[in-house]
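What the coordinates show
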Amino acid sequence: MTAVKTLAVAAAFSVSAALVPMFSVIAPFSWFIGAGAAFALYPYLARHPKHGLAAQSATNATVSDSAS
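Residues numbered from 1 in each chain as written. Predicted model: local features only at pLDDT ≥ 70, side-chain atom pairs only at ≥ 80, totals over all residues. Heavy atoms only, no water.

**Describing the packing of aromatic side chains**
One pass over the full model with this rule turns up one aromatic pair. Aromatic side chains W31 and F32 sit 5.2 Å apart centroid to centroid with 85° between the ring planes, which places their arrangement in the edge-to-face category. On the basis of relative accessible area, W31 is assigned to the exposed category, the value being 62%. Since its relative accessible area comes to 57%, F32 is described here as exposed. (Phe/Tyr/Trp six-rings, centres within 6.5 Å; stacked < 30°, edge-to-face > 60°. Buried < 20%, exposed > 50% of the residue type's maximum accessible area, 1.4 Å probe, protein only.)

Shown next, in the form of structure tokens:
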């Protein structure tokens, strides 16, 4: 799920840079902007339990199995 969140944010940066007329100067570099955003954001989301995979693991660990 962390990778999906990272992809969504990076895509938003790339699409904004490519489609917003104010950013026409950096539009040719939108792919690099998105890749840089993903490169910077993924480690943050992976490390912080509130936002990354650790939050999902903690939630799954607290659910008890009633079949036992």
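**Some thoughts on the packing of helix α1 (residues 2-19) against helix α2 (residues 30-47)**
The N-to-C vectors of α1 and α2 enclose an angle of 150°; their axes lie 8 Å apart at closest approach. With respect to α2, the axis of α1 lies roughly antiparallel. In the packing of α1 onto α2, the handedness of the crossing is right-handed. Counting all contacts with α1, which are made through T2, A3, K5, T6, V9, A10, F13, S14, A17 and A18, the residues of α2 involved are S30, W31, I33, G34, A37, A38, L41, Y42, L45 and A46. Here the residues of the contact of α1 with α2 are counted per class, giving 14 nonpolar, five polar and one charged. (Axes fitted to C-alpha atoms, helices over the stretch in contact; angles between N-to-C directions. Helix = DSSP H or I, 4+ residues; strand = E, 2+ residues; numbered from the N terminus. Parallel < 35°, antiparallel > 145°, perpendicular 65-115°, else oblique. Left-handed = near helix turned anticlockwise from the far one by under 90°. Contact = heavy atoms within 4.5 Å. Nonpolar A, V, L, I, M, F, W, Y, C, P; charged D, E, K, R; others polar.)

**Side note on a nonpolar patch on the surface**
A cluster of nonpolar residues, V20, M22, F23, V25, I26, F29, W31 and F32, forms a patch on the protein surface that exposes about 890 Å² of accessible area. Of note, I26 is situated in the loop between α1 and α2. (Patch = residues over 30% accessible without salt bridge, like charges linked within 9 Å, V, L, I, M, F, W, Y side chains within 5 Å. Areas by Shrake-Rupley, 256 points an atom, 1.4 Å probe, with all protein chains shown as cover. Salt bridge = Lys/Arg side-chain N within 4 Å of Asp/Glu carboxyl O.)

**What to know about the environment of F39**
Topologically, F39 is positioned in helix α2. Look at F39 and you get exposed, because its relative accessible area is 69%. Between the C-alpha atom of F39 and that of T6, which follows or precedes it by 33 residues, the distance is 8.7 Å.

**Section: α2**
With 18 residues, α2 should reach 26 Å at 1.5 Å per residue; the first-to-last C-alpha distance of 26 Å fits that figure. Of all the bends in α2, the greatest, near 25°, is centred on L41, and the proline P43 appears no more than four residues after it. Three or more residues of α2 are buried, namely S30, G34, A37 and L45. (Expected span 1.5 Å × (residues − 1). Bend = angle between axes of the 7 residues up to and from the residue.)

**Things to note about the environment of K5**
Along the chain, K5 falls in helix α1. In the structure, K5 is positioned 40 residues away from L45 in sequence and 8.4 Å away in space, judged by C-alpha atoms.

Function cannot be read off these values alone, since they describe shape.
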